[in-house]
Amino acid sequence: MAETLTSLDELKGSVDGTGGTDGTDGAAPAAPAAIETIHREPQRDALGRTYATGKRKDAVARVWIKPGSGKVTVNGKDMPVYFARPVLQMLLRQPFTVAGVDGEFDVMATVKGGGLSGQAGAVKHGISKALQLYEPSLRAALKAAGFLTRDSRVVERKKYGKAKARKSFQFSKR
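Residue numbers restart at each chain and count upward from 1, following the sequence in its written direction. Given that this is a predicted model, residues contribute local features only at a pLDDT of at least 70 and side-chain atom pairs are listed and counted only at 80 or more, while totals for whole chains, interfaces and linings are drawn from all residues. Hydrogens are left out, water is left out, and the side-chain values use all remaining heavy atoms of the structure.

## A closer look at the pairing of strand β2 (residues 59–67)
For step 1, the next point in the chain: Sheet analysis places strand β1 (residues 50–56) next to β2, joined by 7 bridges and oriented antiparallel. Note that in β2 the partner of T53 across the bridge is R62.
For step 2, the next point in the chain: Counting the residues in the hairpin turn of β1 and β2 gives 2 residues, including K57, whose phi is positive at 55°.
For step 3, the next point in the chain: A pair of strands is labelled paired if DSSP reports no fewer than 2 bridges between them. Think of it this way: any DSSP run of H or I at least four residues long counts as a helix, any run of E at least two long counts as a strand, and we number them from the N terminus. Where β2 and strand β5 (residues 105–112) come together, 8 bridges link them in antiparallel fashion. Across the sheet, R62 pairs through a bridge with T110, a residue of β5.

In structure tokens form, the structure reads like this:
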């Protein structure tokens, strides 16, 4: 059965394999645990592209990246035409800035569902996933910035007896 440990020295001895304060346990020291590192291989198709799917709210984006001049095409239109607001354009450039590869990749994305803000977030998520698949060494920077995690926040549903999800109808005392 399990032996009870009464002091910190005995606990330390049981962890490092010496068996206690006197070191006469008789058991051989435990071998150091092998630390496995995951070695990721780049995933590219025959044309040198990498594909990833990004999601945000109700929007789903299919994103292909390949080495190029930094041209971003969304649903057949250039990024400044499709995403006219500068904030949304900045959102799409964030993964490249964090990874330090500005202007090195061409992006071709098709996005469906949701509004412009959700679509921009979906394309950003897809670009981040595709970058880390193309060059696995970029994963640490993208992961630390939180770009590889899908933002799971969605609109709360409307409840019965309420005007919206939480808003009530106007109260009338009389």
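Structure shown, so let's carry the discussion forward.
## Observations regarding helix α4 (residues 116–134)
For step 1, the next point in the chain: Residue count minus one, scaled by 1.5 Å, sets the expected span of a helix. Between the first and last C-alpha of α4 there are 26 Å, a value that for 19 residues agrees with the 27 Å anticipated at 1.5 Å per step.
For step 2, the next point in the chain: Taking burial as the measure, the 19 residues of α4 include 15 buried ones, the bulk of the element. Between buried and exposed lies partly exposed: a residue is buried under 20% and exposed over 50% of the maximum accessible area for its type, with that area taken using a 1.4 Å probe on protein chains only.

## Notes on the side chain of D106
For step 1, the next point in the chain: Locating D106 in the fold gives a position in strand β5.
For step 2, the next point in the chain: Here a polar contact means two N or O atoms within 3.5 Å. Within protein one must be a hydrogen donor candidate and the other an acceptor candidate, and residues neighboring in sequence count only if both atoms are side-chain atoms. In this structure the side chain of D106 is engaged in a polar contact, spanning 2.9 Å, whose partner is the backbone nitrogen of K71.
For step 3, the next point in the chain: Not counting residues within four places of it along the chain, the set of residues in contact with D106 comprises W64, I65, K66, P67, G68, S69, G70 and K71. Residue contacts follow a heavy-atom distance rule, with two residues in contact if any of their heavy atoms lie within 4.5 Å.

## Section: the environment of R153
For step 1, the next point in the chain: If you trace the backbone, R153 turns up in the segment after α5 (139–145).
For step 2, the next point in the chain: In sequence terms R153 and K57 are 96 residues apart; their C-alpha atoms lie 6.7 Å from each other.
For step 3, the next point in the chain: If sequence neighbours within four positions are ignored, R153 has contacts with R56 and K57.
For step 4, the next point in the chain: Within the local environment of R153, its side chain forms a polar contact with the side chain of D151, the two groups lying 2.7 Å apart.

## With respect to the nonpolar core
For step 1, the next point in the chain: Take the buried residues of types Ala, Val, Leu, Ile, Met, Phe, Trp, Tyr and Cys, join any two whose side-chain atoms come within 4.5 Å, and each joined set is a nonpolar core. One finds I65, F83, L92 and L131 to be the most contacted residues of the largest nonpolar core, which totals 30 residues.
For step 2, the next point in the chain: Of all elements in the fold, only β2, β3 (72–74), α2 (79–82), α3 (86–99), β5 and α4 reach the threshold of two or more residues within this core.
For step 3, the next point in the chain: For L131, the residues in contact, after removing those within four places along its chain, are I65, P95, F96, V101, F105, L138 and L142.

## Remarks on the sheet that holds strand β4 (residues 77–78)
Strand-to-strand pairing in sheets goes through backbone hydrogen bonds, with the strands running parallel or antiparallel.
For step 1, the next point in the chain: Taken together, 5 strands build an open sheet; the order of strands is β1-β2-β5-β3-β4 and the sheet is mixed. The open sheet is flanked by β1 and β4, the only strands paired with a single partner.
For step 2, the next point in the chain: Alignment of β3 against β4, held across 2 bridges, turns out to be antiparallel. Across the sheet, the residue bridging to V74 is K77, located in β4.

By themselves these figures say nothing about function.
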